[in-house]
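Chain and residue survey
The lines below spell out each chain.
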Amino acid sequence: MKNMFKTTILLAALTGLLVLIGDYFGGTSGMIIAFAFAVILNFGSYWYSDKIVLKMYKAKEVSPAEAPNLHRIVDGLVMKSGLPKPKVYIVESGMPNAFATGRDPKHAAVAATTGILELLSYEEIEGVLAHELAHVKNRDTLISAIAATLAGVVTMLANMAQWAAIFGGFGGRDDDNGGIVGLIAMAIVAPIAATLIQLAISRSREFAADAEGASMCRKPWALASALEKLEDGNSHYKPSVSDVQAKESSAHMFIVNPLKGGAIQSLFRTHPVTEERVKRLRAMRF
């Protein structure tokens, strides 16, 4: 409930930022056009998200005969949760990670890399897949799509503001709000603020999925142990030529961030700090 409230506040903040930017344009017509365009793009992306992401990572759907342990784990989790059984995929990559995709529980898929299957124990994989099914149950793909839509509109309007600043403004309400200086500030600050809010939403949904997943499998310690191993495994992972590589645009989908970065990139984290996630999981009791 706390994470959902936080998510609602953050979505409201994104909406407020969008309205504030629209005010600089001296009206709402440009904002409405940009918003409609972004909604269409993100709706299409959300509707076909499973196909896009699975194809991006060359995921192969596997049968119970090809991956008996994976299917056994998923069967047990959907029985406990009451969710429809998702399709099961494997990604050929030494990168130890996993993700879920799909627009709703009836059109969901879970994918695990060959690296995670080699690294984790049976119960740890169960904890990971429970986390991913929690994302499906909580409709986190829908929440992410809404946040991406709003953040995308903010970025579009900020780009328009950059061109307006170059060519002397719109000649409308921007003159009353600081003129060119205001437009330049909006063009720089707005997309950064939108990105930070969007990432904050992503991080809050990870905490919720950890809690829901731990409750689903009744083994918070297994998920905590898995997160520790995955954090260490991804930090030391050296891709081979044949490995499928993680993309920045979809890094937020994985259970741990698959991309390495320094101090600056840590500001734009797609996931909470793993140590905090582990701490919360080890404090859980059933």
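Conventions used here
- Residues numbered from 1 in each chain as written.
- Predicted model: local features only at pLDDT ≥ 70, side-chain atom pairs only at ≥ 80, totals over all residues.
- Heavy atoms only, no water.
- Phe/Tyr/Trp six-rings, centres within 6.5 Å; stacked < 30°, edge-to-face > 60°.
- Helix = DSSP H or I, 4+ residues; strand = E, 2+ residues; numbered from the N terminus.
- Buried < 20%, exposed > 50% of the residue type's maximum accessible area, 1.4 Å probe, protein only.
- Pairing = 2+ DSSP bridges.
- UniProt positions renumbered as here; feature names shortened; annotations may be inferred.
- Contact = heavy atoms within 4.5 Å.
- Polar contact = N/O pair within 3.5 Å; in protein donor to acceptor, adjacent residues only side chain to side chain.

Taken as a whole and judged by the stated rule, the model has three aromatic pairs. Aromatic side chains Tyr57 and Phe99 sit 5.8 Å apart centroid to centroid with 45° between the ring planes, which places their arrangement in the tilted category. One end of the pair, Tyr57, is in the loop between α3 (49–56) and β1 (60–61); the other, Phe99, is in strand β3 (residues 98–101), and 42 residues separate them in sequence. No difference in accessibility class separates Tyr57 from Phe99, as the two residues are buried. Centre to centre, the rings of Tyr57 and Phe254 are 5.4 Å apart; their planes meet at 90°, and the pair counts as edge-to-face. In this pair, Tyr57 sits in the loop between α3 and β1 while Phe254 sits in the loop between α9 (220–235) and α10 (263–267), placing the two residues 197 residues apart along the sequence.

The next point concerns the pairing of strand β4 (residues 109–113). For a regular strand, the rule is simple: side chains alternate between the two faces of the sheet. Most of β4 is tucked away, with five of its five residues classed as buried. What you see with β4 is no split at all: Ala109, Ala111 and Thr113 on one side and Val110 and Ala112 on the other are buried throughout. As judged from the five bridges shared by strand β2 (residues 87–91) and β4, these two strands associate in the parallel manner. What sits directly across from Ile90, in β4, is Ala112. Sheet topology note: the β3/β4 ladder contains four bridges and is antiparallel. Looking at the pairing, Thr101 lines up with Ala109 of β4.

Mapped onto the present numbering, the UniProt feature "binding site: Zn(2+)" (unreviewed entry) falls at His131, His135 and Glu206. Separation in sequence by 76 residues is not matched in space for these annotated residues, since their most distant C-alpha atoms are only 8.5 Å apart. With near-sequence residues (within four places) excluded, His131 lies in contact with Glu206, Ala209, Asp210, Gly213, Leu223, Ile255 and Arg277. By the secondary structure assignment, His135 is in helix α6 (residues 122–137). Setting aside residues up to four positions removed in sequence, His135 forms contacts with Asp140, Arg205, Glu206 and Ala209. A polar contact is formed between the side chain of His135 and the side chain of Asp140, at a distance of 2.5 Å.

On to the environment of Arg203. Mapped onto the elements of the fold, Arg203 is located in helix α8 (residues 179–217). In this structure Arg203 comes out as partly exposed when scored by relative accessible area, which is 23%. A C-alpha to C-alpha distance of 8.6 Å links Arg203 and His252, two positions 49 residues apart in sequence.

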